[in-house]
Structures are given as C-alpha cells and as structure tokens.
Amino acid sequence: IHQTSVRSNTNNNNVSHYDYKMYAIVHQDAKPCSQTLVDAGFQVVLQPRPVRTDEIQDEYLRRHIHKEWCCGHDEFIKLTAYTLPEPVVVHVDIDFVFARPLDDVLDALLFDRDSPIGRSARRRLVRERPTEAWPDRIQAVLTRDWPQVLPGRKPGYQAGFLVARTNSASDGTSV
C-alpha cells in the first residue's frame, strides 16, 4: 500500500513533476530482516541508534524518553533521513499513505519565495498560522498528529511525516 500510494502520486503516473527513490532506514540489529525491503525496491540504510539515552543532555527527556508514544529513543533513527544524499527528503513511517502529490510542498522548499514557482506553491499550502510571514528559505514542513489528539490537549507533531532539506554534514549535536 505504501509504495503504491507513492507511485500513484509521482511522475510515474504523470500526476507530479517529481520522482522518488525509496530508502528504508533500518537499525543494524534488524539487518537479517532487511532483505525483504531490498526485494520490495527499497535502498536499505543500516544504522546504529544515532543517540543513546545517556547522550541526551536534558535531564527530564533523558529520564522519560522511554515513555514516549511509540518507540522512545529508538525514534531518533529517523535523524538519519537528514544525512541521505538527496537535497530534500520526504520521511514517512512505513504505515503512511499518500493521498495526493506533494508538488506544492516540494516546490515551496526547493524554489525561492520570490520565484514564480515558489510564490505559487506557498499560496496553495494550508498553514496553521497563515498570517505569519514565510521564511526566506523553508527548511522543513511537518504536520500535527491529529488522529492522536487527546481531549483538551493540543496535538503534537506527527513524527511519521516530515519533508525536509537534508544536511549530510550534520553531526546530530542539535538533538
């Protein structure tokens, strides 16, 4: 389903002017299971855990990271997406399904805000705070995690979807 939704929303089906390459970021301990992903067309990127719990500087987060929604500090493996050899990555969890092309999001990241394509893309994007000025250069786009909103609470960010510029020189110190 995941790959089918990607294929159906790219230039392979003439609905987008963008193509894709599928990467699977896999923890090195899961290497024996990764051949299935290769067989399905993914380029597997084997990684150790990029951040150990004892490396987290904030005491509260270090003590409580294991209680986070899904995978605790194992979620930090997603930081590997920032080091992939692509100018922009669309990082999604394996259970994510695309309903339509991401052309406006990608155009907003890849084109200057004063270019015709960049201006047009920014006009079409729905934003949480539409009155705030756009940055000169957009670094990342994310969404709130609306399906997991608890009554009376503000939704967190959806960790399973991120569109971002990459930085292969990143050493992870900003975490």
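None of the values given here were measured: they were computed from a predicted structure.

Enquirer: How would you sum up the nonpolar core? Please name residues and give values.
Expert: In this structure, Val 88, Phe 98, Leu 102, Leu 106, Leu 109, Phe 161 and Val 163 are the most contacted members of the largest nonpolar core, which totals 18 residues. Those elements that place two or more of their residues in this core are β1 (23–27), β3 (88–92), α4 (103–110) and β5 (157–165). Counting residues per element, this core draws most heavily on α4, at four residues. The residues touching Val 163, leaving out its near neighbours within four places in the chain, are Val 88, Val 89, Val 90, Leu 102, Val 105, Leu 106, Leu 109, Gln 139, Ala 140 and Val 141. Counting five residues, the second-largest nonpolar core is a separate cluster that includes Tyr 23, Val 45, Leu 84 and Val 89.

Enquirer: Let's hear about helix α5 (residues 116–124): which residues, and what values?
Expert: All buried positions along α5 are accounted for by Gly 118, Ser 120, Ala 121 and Arg 122. Tucked inside the fold, the buried residues of α5 contact α4.

Enquirer: Report on the packing of aromatic side chains, specifying residues and quantitative values.
Expert: Tallying each qualifying case throughout the model produces zero aromatic pairs. Just above the ring of Trp 134 sits the side chain of Arg 122; from NZ or CZ to the centre is 5.8 Å. The aromatic ring of Trp 134 is capped on one face by Arg 127, whose charged end is 4.1 Å from the ring centroid.

Enquirer: Kindly report on the confidence of the model for the protein chain, identifying the contributing residues and their values.
Expert: On average, residues of the protein chain score 83 in pLDDT, and 88% of them reach the 70 mark or higher. No element of the protein chain has a lower mean pLDDT than helix α1 (residues 2–7), which averages 76, and none a higher one than α5, which averages 95. Here residues 168–175 is modelled with pLDDT under 50, and outside its nearest four sequence neighbours on either side it reaches six contacts, counting other chains as well.

Calculation rules
- Within any chain, residue numbers begin from 1 and follow the written order of that chain's sequence.
- The predicted origin of the model limits local features to residues at a pLDDT of at least 70 and limits the giving and counting of side-chain atom pairs to 80 or more, whereas totals for whole chains, interfaces and linings rest on all residues.
- Here the side-chain values reflect all heavy atoms present in the structure, with hydrogen atoms and water set aside.
- Note on terminology: a nonpolar core comprises buried Ala, Val, Leu, Ile, Met, Phe, Trp, Tyr and Cys residues joined through side-chain atoms within 4.5 Å.
- Using a 1.4 Å probe on the protein chains alone, a residue whose accessible area is under 20% of its type maximum counts as buried, one over 50% counts as exposed, and one in between counts as partly exposed.
- Secondary structure elements are defined from DSSP: runs of H or I of at least 4 residues count as helices, runs of E of at least 2 residues count as strands, and each element is numbered from the N terminus.
- Note on definitions: a residue-residue contact is assigned when non-hydrogen atoms from the two residues lie within 4.5 Å.
- Paired rings are identified among Phe, Tyr and Trp, the last through its six-membered ring, by centres lying within 6.5 Å, and are further divided according to the angle between planes into stacked (under 30 degrees), edge-to-face (over 60) and tilted (the rest).
- Either the NZ atom of lysine or the CZ atom of arginine qualifies as a charge over a ring when it sits within 6 Å of the ring centre and within 35 degrees of the ring normal.
- Note on scores: pLDDT gives the predictor's confidence for each residue, bounded by 0 and 100.

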